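This is what each chain is made of:
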Amino acid sequence: MRPSSNIRFVRTAPRRCALVGMLLAAPLLASAAPLATLPVQVVDQAGMPLRDAVIEIRPPAGDTRRPSFPWRNAMAQKNQTFVPGTLIVPQGAVVAFPNFDTVRHSIYSFSKPGPFRIDLYGQDQTRTQQFRIAGTIALGCNIHDKMRGYIRVTDTPYAARSDLNGLASIDGLAHGSYDIVVWHPRIRGANGEWRGKLVLDPGKRARIAVAVRPDNGA
């Protein structure tokens, strides 16, 4: 018996539907805004680059990416200095504090988002502390008063720290207008923060000028 034409139609219909679906989806994919690396520069009121400023960009609506960064959640003590001097970590991170000095350290913070104290520990030993609340943690050492460090706990995946030239790069955002926060211990603003909006355009450097206090070693 010859197969009926309606049977042949049933077998080929899914292929036709799949092809139509791909053609309909193609314009949507082509129109999606490409993601890029966005360069940002932070300068002070005199136009001088601001080092170790933390730039945070609020995620756009519908963005569910969780904060995660390529560097270690660690702040060492070396030559009686916190290294790095400013560290960005995601909210909820456990931060390691390895001691590479030949002397003992006792780390503490009175900062509201995460007060803590770590008792004396020595060379090649490590202690840890978890930070559950977003904000700035100012660090000190009970033994060495000159030691100062900062941990910026953030709830956005779009964050970076500026270098010697005030430059930072933030990955994964498309062209658009975003809410932005810049933090630095010398910024003249509540909690050391500058807040505003910024239009980011891939390939073009965004420049942010903030008012800062004189450098007194902070």
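As the structure is a prediction and not an experimental result, all values here were calculated from the model.

Undergrad: Mind showing me how you'd approach the layout of surface pockets here?
TA: Space left empty within the atom packing is revealed by a probe, the size of a water molecule, rolled over the atoms. The computed volume of the second largest pocket comes to approximately 240 Å³. As for the second largest pocket, its lining consists of 15 residues, and the residues nearest its centre are Ala134, Gly135, Thr136, Arg152 and Glu193. Going through the elements one at a time, strand E10 (135-141), strand E11 (149-154), strand E14 (176-183) and strand E15 (193-200) are the ones with two or more residues in the lining of the second largest pocket. The biggest single contributor to the lining of the second largest pocket is E11, with three residues. A class-by-class count of the residues in the lining of the second largest pocket yields five nonpolar, four polar and six charged.

Undergrad: Can you walk me through the pairing of strand E5 (residues 86-90) in this structure?
TA: Regular strands place side chains that alternate from one sheet face to the opposite one. The buried count for E5 comes to five of five residues, which makes it a mostly enclosed element. Examined bridge by bridge, E5 and E11 share five bridges and lie parallel to one another. Its bridge partner lying in E11, threonine 86 is registered against tyrosine 150.

Undergrad: Can you help me understand the side chain of serine 162 in this one?
TA: The topology assignment puts serine 162 in the loop between strand E12 (158-161) and strand E13 (167-173). Polar side-chain contacts of serine 162 include one of 2.7 Å to the backbone oxygen of leucine 50. Those residues in contact with serine 162 that lie beyond four places of it in its chain are Leu50, Arg51, Asp52, Ala53, Ile55, Leu167 and Ala168.

Undergrad: Looking at this structure, how should I read the sheet that holds E13?
TA: Consider a sheet: its strands pair through backbone hydrogen bonds, and that pairing is either parallel or antiparallel. If you trace the three strands from one edge of the open sheet to the other, you get E13-E1-E16, paired in mixed fashion. The sheet terminates laterally at E13 and strand E16 (206-209), the two strands that pair on one side only. Averaged over all pairs of adjacent strands, the angle between strand axes in this sheet comes to 30°, irrespective of strand direction. Across four bridges, strand E1 (residues 36-43) lies against E16 in parallel orientation. Across the sheet, valine 40 pairs through a bridge with alanine 206, a residue of E16.

Undergrad: Looking at this structure, I do not really get the nonpolar core. What am I missing?
TA: Soluble globular proteins tend to pack their nonpolar side chains together in the buried interior. In this structure, Ile57, Leu173 and Leu200 are the most contacted members of the largest nonpolar core, which totals 22 residues. Listing elements by their share of this core, those giving two or more residues are E1, strand E2 (54-57), E12, E13, E14, E15 and E16. Non-local contacts of leucine 200, meaning those with residues more than four positions away in its chain, are made with Leu38, Ile57, Leu173, Ala174, His175, Gly176, Tyr178 and Ala206.

Undergrad: What's the story with the sheet that holds E12 in this structure? I'm lost.
TA: Strand order across the open sheet formed by four strands is E12-E2-E14-E15, with antiparallel pairing between neighbours. Looking at which strands have only one partner, the edges of the open sheet turn out to be E12 and E15. The mean inter-strand angle of the sheet, taken between neighbouring strand axes irrespective of direction, is 25°. Sheet analysis places E2 next to E12, joined by four bridges and oriented antiparallel.

Undergrad: It is not clear to me how the side chain of histidine 105 should be interpreted in this structure. Could you clarify?
TA: Inspection of the secondary structure assignment puts histidine 105 in the loop between strand E6 (94-98) and strand E7 (107-109). Judged by relative accessible area, histidine 105 falls into the buried class, the value being 0%. Within the local environment of histidine 105, its side chain forms a polar contact with the side chain of aspartate 101, the two groups lying 2.8 Å apart. Every residue in contact with histidine 105, bar those within four places of it in the chain, is listed here: Gln77, Gln80, Asn99, Asp119, Leu120, Tyr121, Cys141, His144 and Met147.

Undergrad: In this structure, what is going on with the pattern of salt bridges? I would like to understand it.
TA: Oppositely charged side chains can form a pair if their charged atoms are brought close together. Per the counting criterion, the structure on display carries seven salt bridges. Between glutamate 56 and arginine 152 there is a salt bridge; the shortest N-O distance is 3.0 Å. Here glutamate 56, found in strand E2, pairs with arginine 152, found in strand E11; they are 96 residues apart in sequence, far enough to count as distant. Here aspartate 155 ties to arginine 58 by a salt bridge, and the two come within 2.9 Å at their closest N and O atoms. Taken together, the residues aspartate 155 in the loop between E11 and E12 and arginine 58 in the loop between E2 and strand E3 (76-78) connect sequence positions 97 residues apart. Classification of arginine 58 as partly exposed rests on a relative accessible area of 29%. Three or more residues joined by partner-sharing salt bridges are found here, namely Glu56, Arg152, Glu193 and Arg195.

Cut-offs used in this document
- Residues numbered from 1 in each chain as written.
- Predicted model: local features only at pLDDT ≥ 70, side-chain atom pairs only at ≥ 80, totals over all residues.
- Heavy atoms only, no water.
- 1 Å grid on protein atoms, 1.4 Å probe; cavity = no way out; pocket = protein on both sides within 12 Å on 5 of 7 lines; lining within 4 Å.
- Points joined across faces, edges and corners; volume = space filled by probe spheres on them.
- Helix = DSSP H or I, 4+ residues; strand = E, 2+ residues; numbered from the N terminus.
- Nonpolar A, V, L, I, M, F, W, Y, C, P; charged D, E, K, R; others polar.
- Buried < 20%, exposed > 50% of the residue type's maximum accessible area, 1.4 Å probe, protein only.
- Pairing = 2+ DSSP bridges.
- Polar contact = N/O pair within 3.5 Å; in protein donor to acceptor, adjacent residues only side chain to side chain.
- Contact = heavy atoms within 4.5 Å.
- Axes fitted to C-alpha atoms, helices over the stretch in contact; angles between N-to-C directions.
- Core = buried A, V, L, I, M, F, W, Y, C linked by side-chain atoms within 4.5 Å.
- Salt bridge = Lys/Arg side-chain N within 4 Å of Asp/Glu carboxyl O.

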